[in-house]
Amino acid sequence: MNGFIGEFFGTMILILLGAGTGASINLKKAYAKGSDWTYVTISWGLAVTMGVYVAGLLGSDGHLNPAVTIGFALAGLFKWSLVGPYLAGQFLGAFVGAALVIIQFYPHFKETTTEEDGNQVGIFATAPAIKSSLANFLSEVIATFAFIFVLLNLGDFTQGLKPLIVGFLITAIGMALGSTTGFALNPARDWGPRLAYTILPVPNRGNTHWEYAWVPMVGPIVGGAIACFLEVSLV
């Protein structure tokens, strides 16, 4: 399947654990409600680690992220013939992972009746702390650049303990740079779950804010491409 299966299941696990964290800290009567940013960044780091392990064992390179796949391909580091299956696996896996979170937390969505109480798209997707199109875009470009530039220097990041290092990297990016926009870093991680929250029967659903969705789509792709071209020029 040219990496589709690995990318699908790896991204599904990434979003199941990552968006599950969002539900846990936001929805009423969940034990983790109100947990802090450190909890969020560590959880997302571990979610990426587990997703990469799954993807690698199931035959893909563990990208889990269109910004990685497209950036690598643009810089000649990845075959264009594999880009389509990888992207399909990433976006579909993200959607399914989010759907599983909706099922898991369905009673809690029913209890959480307003956005102010926590039933919001931020469980699944990203939003800016301060709304500014240019600043938000640049935040995603810079954070994704840092992520993928370091990733490129890890070699095959599906092997041994390297997925754990990737998770540490995500946590570090989240702690240092992620508090401006929620560190999407990944178009599939944002768009797949945002779409699931939009079209699936979520009780008391809040605003899905598609007017912002171009930022976590375009910003990471630009940041990833810059990182890949810089890496190629240096080695």
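Please refer to the structure placed before this passage.
All figures in this text were calculated on a predicted structure; none of them were measured in a lab.

What counts and what doesn't
Residues numbered from 1 in each chain as written. Predicted model: local features only at pLDDT ≥ 70, side-chain atom pairs only at ≥ 80, totals over all residues. Heavy atoms only, no water. Helix = DSSP H or I, 4+ residues; strand = E, 2+ residues; numbered from the N terminus. Expected span 1.5 Å × (residues − 1). Buried < 20%, exposed > 50% of the residue type's maximum accessible area, 1.4 Å probe, protein only. Contact = heavy atoms within 4.5 Å. Phe/Tyr/Trp six-rings, centres within 6.5 Å; stacked < 30°, edge-to-face > 60°. Lys NZ or Arg CZ within 6 Å of the ring centre and 35° of its normal. Core = buried A, V, L, I, M, F, W, Y, C linked by side-chain atoms within 4.5 Å. Salt bridge = Lys/Arg side-chain N within 4 Å of Asp/Glu carboxyl O.

Q: Looking at this structure, I do not really get helix 7 (residues 162–177). What am I missing?
A: Residue pairs spaced three or four apart in an α-helix point in one direction, given the helix's 3.6 residues per turn. Taking 1.5 Å per residue as the helical rise, helix 7 with its 16 residues ought to reach 22 Å, and the 22 Å between its terminal C-alpha atoms agrees with that figure. Inspection of helix 7 places Pro163, Val166, Gly167, Leu169, Ile170, Thr171, Ile173 and Gly174 among the buried residues, and these make up the whole buried set. Residues of helix 7 that are buried make contact with helix 2 (37–57) and helix 6 (133–152).

Q: Just to check I follow, could you spell out the packing of aromatic side chains for this structure?
A: A ring pair, where both rings are aromatic, is described by two values, the distance of the centres and the angle of the planes. Under the criterion given, the structure shown has 9 aromatic pairs. The interplanar angle of 70° and the centroid separation of 5.8 Å between the aromatic rings of Trp37 and Phe183 together place this pair among those described as edge-to-face. Highlighted residues: Trp37 in helix 2 and Phe183 in the loop between helix 7 and helix 8 (187–199), separated in sequence by 146 residues. Using a relative accessible area of 35% as the deciding quantity, one classes Trp37 as partly exposed. Ring centres 6.1 Å apart and planes at 10° place the aromatic pair Phe109 and Phe124 in the stacked group. Remark: Phe124 occurs in the loop between helix 5 (106–111) and helix 6 and Phe109 occurs in helix 5; sequence separation between them is 15 residues. Of the two residues examined, Phe109 and Phe124, each falls in the buried class. Through pairs of rings, three or more aromatic residues link up here, namely Phe4, Phe8 and Phe9. It is Arg194 that lies over the ring of Trp210; its NZ or CZ is 5.9 Å from the centre.

Q: So what exactly am I meant to see when it comes to the nonpolar core here?
A: One broad rule of soluble globular proteins: the nonpolar side chains tend to lie buried together. Grouped together as the largest cluster of nonpolar side chains are 52 residues, with contacts concentrated most on Phe72, Phe109, Phe124, Phe147 and Ile148. Breaking this core down by element, the ones donating at least two residues are helix 1 (4–26), helix 2, helix 3 (66–74), helix 4 (83–104), helix 6, helix 7, helix 8 and helix 9 (214–234). Of the residues forming this core, the biggest block, 7 residues, is contributed by helix 4.

Q: Mind showing me how you'd approach the pattern of salt bridges here?
A: Pairs may arise between side chains of opposite charge once their charged atoms sit close together. Summed over all chains, the structure comprises 3 salt bridges. Across the pair Asp117 and Lys28 runs a salt bridge whose closest N-O atoms are separated by 3.4 Å. Highlighted residues: Asp117 in the loop between helix 5 and helix 6 and Lys28 in the loop between helix 1 and helix 2, separated in sequence by 89 residues. Residue classification places Asp117 among the partly exposed residues on the basis of a relative accessible area of 26%. Overall, the relative accessible area of 31% leaves Lys28 in the partly exposed class. When the shortest N-O distance is used, the salt bridge between Glu111 and Lys29 registers 3.6 Å. Pair noted here: Glu111 is in helix 5 and Lys29 is in the loop between helix 1 and helix 2, with a separation of 82 residues, a long-range link. Given a relative accessible area of 63%, Lys29 falls into the exposed group.

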